[in-house]
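Survey of secondary and tertiary structure
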Amino acid sequence: MTGLLVCIAVLAAASAFGVWHQRRNGRLTVRGRDDGERLGAAEIGAELGERATLVQFSSAFCQPCRATRRTLAEVADIVDGVAHVEIDAEAHLDLVRSLNILRTPTVLVLDARGAIVRRAAGQPRKADVIAALGAAVRD
């Protein structure tokens, strides 16, 4: 009987974690640690967008990175003044460490001055990226 209760408890905990992780994956959020953090052309290897920049950290064998690349490129094409920059996380480990990038894809939304205004770990939805850009342009 005790083994059955332990099994049920483990399954409940795993299910709760799965639901929490799925809801959090790819959501563009504001993190207190990003306050005041700015990136420029020297750090990201490309010019910032006139209004905002979508910075994507990727790795070579990351399947969600490919889909994220397409999504961000589409958004950058339809929103004027927005640039999309993809950074190979493995080739820029110092930047990855300084920004606390823990997985790929990770997307940073920068305002026109290079301040990080939103961050997503995982594959973001197109609508969420557009909404985050609205916040970046408005701020």
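Keep in mind it's a predicted model, so treat the numbers as computed, not measured.

1. Quick look at the state of the cysteines
Inspection of every chain in the model, using the stated rule, returns one disulfide. Each sulfur in the disulfide pair Cys62 and Cys65 lies 2.2 Å from the other. The disulfide joining Cys62 to Cys65 has a torsion of about 85 degrees about its S-S bond and is therefore right-handed. Neither residue differs from the other here; Cys62 and Cys65 are each classed as buried.

2. Notes on the pattern of salt bridges
The tally for this structure, following the rule as stated, stands at five salt bridges. In this structure, the salt-bridge partner of Glu74 is Lys126, at a minimum N-O distance of 2.8 Å. With Glu74 in helix 3 (residues 63-78) and Lys126 in helix 5 (residues 126-138), this residue pair connects regions lying 52 residues apart in the sequence. The partner of Asp94 in a salt bridge is Arg97, and the shortest N-O contact between them spans 3.8 Å. One end of the pair is Asp94 and the other is Arg97, both in helix 4 (residues 93-98) and three residues apart, which spans about a single turn. What makes Arg97 exposed here is its relative accessible area of 59%.

3. Remarks on the sheet that holds strand 1 (residues 52-58)
Within the open sheet, the four strands sit side by side as 2-1-3-4. Their pairing is mixed. Each edge of the sheet is formed by a strand with only one pairing partner; in this case those strands are strand 2 (82-88) and strand 4 (116-121). Put simply, the sheet's adjacent strands are angled 15 degrees from each other on average, direction ignored. Bridge count between strand 1 and strand 3 (residues 106-111): six bridges; the pairing is antiparallel. What sits directly across from Ala52, in strand 3, is Asp111. The sheet contacts of helix 3 involve strand 1, strand 2 and strand 3, and relative to strand 1 the element is tilted by about 170 degrees.

The rules we used
- Residue positions within a chain follow its written sequence, with the count starting from 1.
- Local features are withheld for residues below a pLDDT of 70 in this predicted model, meaning they are given only at 70 or higher, and side-chain atom pairs are given and counted only at 80 or more; totals for whole chains, interfaces and linings count all residues.
- Note that water and hydrogens are dropped before the side-chain values are worked out from all heavy atoms of the structure.
- A pair of cysteine sulfur atoms is labelled a disulfide when the two atoms are within 2.5 Å.
- Burial here depends on accessible area, computed with a 1.4 Å probe over protein chains only, as a share of the maximum for the residue type. Under 20% is buried, over 50% is exposed, and the range in between is partly exposed.
- By convention in these notes, a salt bridge is any Lys or Arg side-chain nitrogen within 4 Å of a carboxyl oxygen on Asp or Glu.
- We count a stretch as a helix when DSSP gives it H or I for four or more residues in a row; a strand needs E for two or more, and each element gets its number in order from the N terminus.
- Being paired, for any two strands, means DSSP has found at least two bridges between them.
- Lines fitted to C-alpha atoms define the axes, with helix axes restricted to the stretch in contact, and inter-axis angles between N-to-C directions lie between 0 and 180 degrees.
- We call two residues in contact whenever any of their non-hydrogen atoms come within 4.5 Å of each other.

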